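# Structural characterization, general
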Amino acid sequence: MKYFKIFCLSLFLGSTLLSCSYTPPEPVEDPTNPRTAPVAGTADFSNYVAIGNSITAGFMDNALYEEGQLNAYPVILAERMKLVNGGAAFNTPVFASPTGAGFSGFVPGTATPVGRFRFILPTCASIPAATSTLGLTPAPIVPGDNLTPYEGDRAALNNFSAPGTKSFHVLVNGYGASQQQGNPFYWRFASAPAASVLGDALAAQPTFFSYWLGFSDVLFYAISGGSGNANPGTNPATYTTNDMTDPAVFEAALHASLSALLGGADTKGVVATVPDLTEAPFFRIINAALTTGGANSPLPFALSEEQAAALNAGYAQLGPAAAAVNFRGGKVNYPVITTATGLRHMDPGSDFLVLTTPQDSLLAGSISACNPSQRAGWGITKPIESRYVLDETEKNLVKARIEAFNTAIRAAANAGNYADRLALADIHQLYEGLDNSRNSIAPGGYISVDGLHPNPMGQALIANGFIRAINAEFGSTLPPVNIRNYRQNILPEN
């Protein structure tokens, strides 16, 4: 440390001339740009490989596209590793498309692909003054792009992550056999039709890896309103897309993958816990819109005594399945939802309408100030279909399954046979620390427009979570990134 002394004349006290000295404080160090060179500690970052699903692949705004992939947390993490590994390359199977290939596939009834989601600002040509009341709306770019094979050197890849990958999928030979058989996102870059994700990753001979799976194992059950099987048994060959993975299947796949990845004597890695999916904006946005506004909020909605009696009479014709339906006069009513045990009224604090719910069908009245067409009366004259509702029972099943996965992940990270070789990034805890303004698609939020996957700033936040875990376990000093250097969601210009 350098000391600079500044001499000054003091006050003349008792005819004595005194001198004083001042030592300026050391400038506060920027942890993202340290003055001392980072070190690798006991880890070897010379060949980093990532295994994961949609978040690890950089899937964003409900699509795979170039910007999302190049801002995925493994890419950010690899850039920090370059400070200690001589600038080793990290290659991602980039889909060079600005519009992307959406997970929802094609426009219904057509062969037109759907692209990434973006915010649009609807306009009201017939009533221009109403435009300002319509608000931002997530909508896909149409047309998007069809997935195409990765044309780069597949043998030089480092990121072996594909949207939709579940824990046991990485062990399956032929998981990327074709666009129709297996996973089309893995098909793009699989080394061969009979290859497996884990086999391709091992062929890259990693010295360090990240393994983050479990998100897709519950995702499709949750976003489909619990339309799959929550307890499908322990034979994944019998699973359908929307089934939740059994904890025993997850744990077996986890240990099989880690045992293979840690087969090299000096290989080390990091695993991560699964965040609470039910807290994602995908399950919260519509509920918030319906219950915000105090006395003027859409929920609860008002009925006259006559209207309530007529609705109750109609539902009574459905028999015992509608026994819990009871509309009342006044602004006290909530929509009727379909659950596994029958029809009942929605509790907006416990039952969640998913983001894909057709909002122009909910409740009654005109669709908007700009669109006088009438809503379809969902929740009033017609129960909301179960695929659009993650009800309280289903939500609790998802939470419990995630906790079971995280228990297995934490146990693996602390297992004696993996001692000193495996770090744990607690991303579940990281997400738990986010308030509603951050776990959001709104300005200031870390979640992309699809309400599920992080935007670039959210990916940077996750990368820092991995960096902290790696540094703590291996004595490395990889610097975190400044998340403000990464964008949030883009708002429309007009």
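Now for a quick tour of the structure. What you see is a predicted model, and the numbers here were worked out from it, not measured in a lab.

This brings us to the pattern of salt bridges. In the structure shown here, the tally under the stated rule is 9 salt bridges. Note that Glu279 and Lys399 form a salt bridge whose closest N and O atoms lie 3.7 Å from each other. Of the two residues, Glu279 sits in the loop between β9 (268–272) and α8 (285–291) while Lys399 sits in helix α10 (residues 392–413), which places them 120 residues apart along the sequence. Residue classification places Glu279 among the partly exposed positions, given a relative accessible area of 32%. Between Arg410 and Glu403 there is a salt bridge, with its nearest N and O atoms 3.7 Å apart. You can call Glu403 partly exposed: its relative accessible area is 35%. Shared partners join several salt bridges into a network, and the residues in it are Asp276, Glu279, Arg284 and Lys399.

With respect to the helices and strands, the residue Gln429 is situated in helix α11 (residues 427–432). A C-alpha to C-alpha distance of 7.4 Å links Gln429 and Pro275, two positions 154 residues apart in sequence.

Throughout the structure, instances matching the rule amount to 16 aromatic pairs. Judged by centre distance (5.3 Å) and plane angle (80 degrees), the ring pair of Tyr186 and Phe189 falls under edge-to-face. Its relative accessible area of 0% is what places Tyr186 among the buried residues. Where Phe208 meets Phe474, the ring centres are 5.8 Å apart and the plane angle is 85 degrees; that geometry is what we call edge-to-face. Taken as a pair, Phe208 in strand β8 (residues 208–212) and Phe474 in helix α12 (residues 456–474) lie far apart in primary sequence, 266 residues in all. Taken as a pair, Phe208 and Phe474 share a single burial class, namely buried. Clustering of aromatic rings is evident, with ring pairs tying together Phe45, Tyr48, Phe90, Phe208 and Phe474. The lysine or arginine in question, Arg116, covers the ring of Tyr65, its NZ or CZ lying 5.2 Å from the ring centre.

Reading the values: rules and limits
- Residues numbered from 1 in each chain as written.
- Predicted model: local features only at pLDDT ≥ 70, side-chain atom pairs only at ≥ 80, totals over all residues.
- Heavy atoms only, no water.
- Salt bridge = Lys/Arg side-chain N within 4 Å of Asp/Glu carboxyl O.
- Helix = DSSP H or I, 4+ residues; strand = E, 2+ residues; numbered from the N terminus.
- Buried < 20%, exposed > 50% of the residue type's maximum accessible area, 1.4 Å probe, protein only.
- Phe/Tyr/Trp six-rings, centres within 6.5 Å; stacked < 30°, edge-to-face > 60°.
- Lys NZ or Arg CZ within 6 Å of the ring centre and 35° of its normal.

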